[in-house]
Amino acid sequence: IPVIWGLDSVRGANYVKGATIFPAGIATAATFNPQFAFDAGRVAAKDTRAAGVHWAFAPVLDLGVNKLWSRSYENFGEDPYLSSQMAAASIRGYQGDYKKDRSRVAACMKHFIGY
């Protein structure tokens, strides 16, 4: 039976020693710079892949419309357009051309349906 496991790499591969850690999603969105989200995803993918993991549980795609939710800092904010632009860039950073570039991982968008 084949086994696949993923790593929670929302702000980088924080479970991997020496990995780069990035700001939370809300801070990334505050830059209004999709290139930063792309670069963060690319580096997180490289660090995740270095640990032998091919699947990252990231990015978080919730819309932060309820300010009482204690995890609102994880997402890219409440604006659907900004969130979609940052998410698309982040996913491209994580996945890239997965079949040709072995420093990339499969992205799993978190909480999109569950929350």
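Before reading further, recall that the structure is shown in the block above.
Residues numbered from 1 in each chain as written. Predicted model: local features only at pLDDT ≥ 70, side-chain atom pairs only at ≥ 80, totals over all residues. Heavy atoms only, no water.

Student: Got a minute to help me understand the overall build of the protein chain in this structure?
Tutor: Helix and strand counts for the protein chain stand at three helices and three strands. Start at the N end of the protein chain and walk to the C end: the helices and strands fall as β-α-α-β-α-β. Principal axes of the C-alpha set define a box for the protein chain whose edges measure 40 × 30 × 25 Å. The buried share among the 115 residues of the protein chain stands at 39%. Across the protein chain, contacts joining residues at least 24 apart in sequence account for 65% of those joining residues at least 6 apart. Carbon and sulfur atoms provide 61% of the accessible area of the protein chain, an area that totals close to 6,800 Å². Taken together, the 13 basic and 9 acidic charged side chains of the protein chain have centroids lying 7 Å from each other. (Helix = DSSP H or I, 4+ residues; strand = E, 2+ residues; numbered from the N terminus. Buried < 20%, exposed > 50% of the residue type's maximum accessible area, 1.4 Å probe, protein only. Contact = heavy atoms within 4.5 Å. Areas by Shrake-Rupley, 256 points an atom, 1.4 Å probe, with all protein chains shown as cover. Lys, Arg positive; Asp, Glu negative; His and termini not counted. Charge placed at Lys NZ, Arg CZ, Asp CG, Glu CD.)

Student: What is the right way to look at the packing of aromatic side chains in this model?
Tutor: What characterises a pair of aromatic rings is the spacing of the ring centres plus the angle enclosed by the ring planes. Evaluation of the coordinates by the stated rule reveals two aromatic pairs. Considering the side-chain rings of Phe-22 and Phe-36, the 6.2 Å spacing of their centres and the 75 degrees angle between planes classify their relative orientation as edge-to-face. With Phe-22 in the loop between β1 (6-7) and α1 (25-30) and Phe-36 in helix α2 (residues 34-50), this residue pair connects regions lying 14 residues apart in the sequence. Under the relative-accessibility criterion, Phe-22 is labelled buried at 15%. (Phe/Tyr/Trp six-rings, centres within 6.5 Å; stacked < 30°, edge-to-face > 60°.)

Student: Please clarify how the sheet that holds strand β3 (residues 106-107) should be interpreted in this entry.
Tutor: Two orientations exist for strands paired in a sheet by backbone hydrogen bonds: parallel and antiparallel. What the three strands build is an open sheet, ordered β1-β2-β3; its pairing is parallel. Since the sheet does not close on itself, it has two edges, and those belong to β1 and β3, each with one partner. In this sheet, β3 lies alongside strand β2 (residues 55-56) in parallel orientation, the contact comprising two bridges. Note that in β3 the partner of Ala-56 across the bridge is Ala-107. (Pairing = 2+ DSSP bridges.)

Student: Is there a simple way to explain the pattern of salt bridges in this structure?
Tutor: Any two side chains of opposite charge can pair, on the condition that their charged atoms come close. A complete count under the given rule lists five salt bridges for this structure. Across the pair Arg-104 and Asp-101 runs a salt bridge whose closest N-O atoms are separated by 3.3 Å. Owing to a relative accessible area of 27%, Asp-101 belongs among the partly exposed residues under this scheme. (Salt bridge = Lys/Arg side-chain N within 4 Å of Asp/Glu carboxyl O.)

Student: Explanation requested: α2 in the structure shown.
Tutor: Since the α-helix turns once every 3.6 residues, residues separated by three or four places project in the same direction. In a regular helix each residue adds 1.5 Å, so 17 residues correspond to 24 Å; α2 covers 24 Å between its end C-alpha atoms and thus fits that length. Within the span of α2, buried status applies to Ala-37, Ala-40, Gly-41, Val-43, Ala-44, Ala-45, Asp-47, Thr-48 and Arg-49. After α2 finishes, the residue Gly-52 shows a positive phi value of roughly 85 degrees. (Expected span 1.5 Å × (residues − 1).)

Student: Got a minute to help me understand empty space enclosed by the protein in this structure?
Tutor: If a probe the size of a water molecule is rolled over the atoms, the empty space left behind becomes visible. Enumeration according to the criterion identifies one cavity of 30 Å³ or more in this entry. Taken together, 18 residues form the lining of the largest cavity, with Val-10, Thr-28, Ala-40, Phe-76 and Ser-90 sitting closest to its centre. Among the elements of the structure, α1, α2 and α3 (80-95) are those that each provide at least two residues to the lining of the largest cavity. The greatest single-element share of the lining of the largest cavity, amounting to four residues, is contributed by α2. Grouping the amino acids of the lining of the largest cavity by side-chain chemistry returns 11 nonpolar, five polar and two charged. (1 Å grid on protein atoms, 1.4 Å probe; cavity = no way out; pocket = protein on both sides within 12 Å on 5 of 7 lines; lining within 4 Å. Points joined across faces, edges and corners; volume = space filled by probe spheres on them. Nonpolar A, V, L, I, M, F, W, Y, C, P; charged D, E, K, R; others polar.)

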